[in-house]
Amino acid sequence: MYIFKAGVVGAGTMGGEIAQVITYAGLPVVMKDIDQEMLDRGMEQIRSIYQGRVDKGKMSAGDMESKIDLVTPTLSYDAFSDVDIVIEAVPEKMAIKKQVFRELEEACPEQTIFASNTSALSISEMGAATGKPHKVVGMHFFNPAHVMKLVEVIPGLDTGRETQDDVVMFAETLRKIPVVVQECPGFLVNRLLMPYLNEATLALEEGAATATEIDTAVVEWGMPMGPFTLMDMLGIDVCADVGEYLYSEYGERMAPAHLFEELLEAGRLGEKSGAGFYDHPGGESEKVHQMIEDLQAAGKVETGTPFSVERLMYPLINEAAQCVLEHVSTMTDIDMAMVAGTGMTYEGERIGPLVIADRIGLDEIVEKLRELEETFGPRFRPARPLRLRVRADHLGVKAGKGFYEYT
């Protein structure tokens, strides 16, 4: 099915940016919210993105107005009677998303695809709340949606193959890189990111290093930005919600750092609230330093633990190996998703975690993970695909074969 018109429910940051991406591809879009102020903000956001292109000489003012005219802002579902796909971008609460899909069933044609921009929640559960689960699919854009190329396409248990294929084609129409991901908590990129982000936060609250030191070490290792810069950009509330969900699904190895709760209680949600791990502007925060001191004094966290960049990066690689075992996606798609979704690099080259592991040596990865397991516990236990390859002397580039083969 070719998609001629789209709908977006939720005019927040992601909703507005997704609507802009759709109009940039030349398609009309209906953008709905329950709050006129949010709708106005969404339209301002769309205009701001286009104005940036005009200011850089990449678009004329006339073309900008033509694109903006493709958006129909609305407080009702009246204009959804002829949309081919609707992407919900409402808050990350399952009850809200289910309610939105129930309302959409009353307003949209039978053939309309219902897509969720959720970053972690179950697509199968959302589909079960509708009368057409074969038409429900995950379509996870990355922040900022108008810049990041990756879109995760997540079929639920009942999603039809035609629906999956239509959404892949639609993503390509939007000039995005679609990666099909089998449903699991966190899907692919967030599932890999959260052990890394959480470990950075554990290291911070334990006094292993400062936020600036950790961010600097990670950038020197090869990531485009440090974990605390990234979390402040994404939103501490978003990261905490995803972290709690993964903890509820995967258990103790995903147990979230205490500092997330402290930041949330203080209203420090990141750049959008002017303060997160860092003050914006201002950098390192005395308030966060005090939170850490209080956690340590209360005996809620360990103190004096060692810091190494491997402590952060190897859990990410380990989770990627676990995703290989579970067939969450192909190895090449796992690597491509991390490059397209996070800008991941290593030694100046844009490569993903499995290629990086092959470069480092799988035996070295396993040995370091075992050392970390001895120090910090079972969350560092090497995943079976790593252990199996080491036993078979598939050690990576130096052996000519690891996750990939090398000549």
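A short tour of the structure in this document, coming up. (Residues numbered from 1 in each chain as written. Predicted model: local features only at pLDDT ≥ 70, side-chain atom pairs only at ≥ 80, totals over all residues. Heavy atoms only, no water.)

**Description of the sheet that holds strand E2 (residues 29–32)**
With mixed pairing, eight strands are arranged side by side in an open sheet as E3-E2-E1-E4-E5-E6-E7-E8. Because the sheet does not close on itself, it has two edges, and the strands there are strand E3 (71–74) and strand E8 (177–180). Averaged over all neighbouring strand pairs, the angle between strand axes comes to 25°, with direction disregarded. Examined bridge by bridge, strand E5 (residues 113–116) and strand E6 (residues 136–141) share three bridges and lie parallel to one another. Along E6, the bridge assignment pairs Ser116 with Gly138. The sheet contacts of helix H14 (residues 331–342) involve strand E7 (150–155) and E8, and relative to E8 the element is tilted by about 140°. (Pairing = 2+ DSSP bridges. Helix = DSSP H or I, 4+ residues; strand = E, 2+ residues; numbered from the N terminus. Axes fitted to C-alpha atoms, helices over the stretch in contact; angles between N-to-C directions. Contact = heavy atoms within 4.5 Å.)

**Some remarks on the pairing of strand E4 (residues 85–88)**
With burial as the criterion, each face of E4 is covered, one bearing Ile85 and Ile87 and the other bearing Val86 and Glu88. Bridging between strand E1 (residues 6–9) and E4 involves four bridges; their strand directions are parallel. When the sheet's bridge partners are listed, Gly7 is paired in E4 with Val86. In terms of strand pairing, E4 meets E5 through four bridges, oriented parallel. Residue pairing in the sheet places Glu88 in a bridge with Ser116 of E5. (Buried < 20%, exposed > 50% of the residue type's maximum accessible area, 1.4 Å probe, protein only.)

Taken by themselves, the reported measurements are silent on function.
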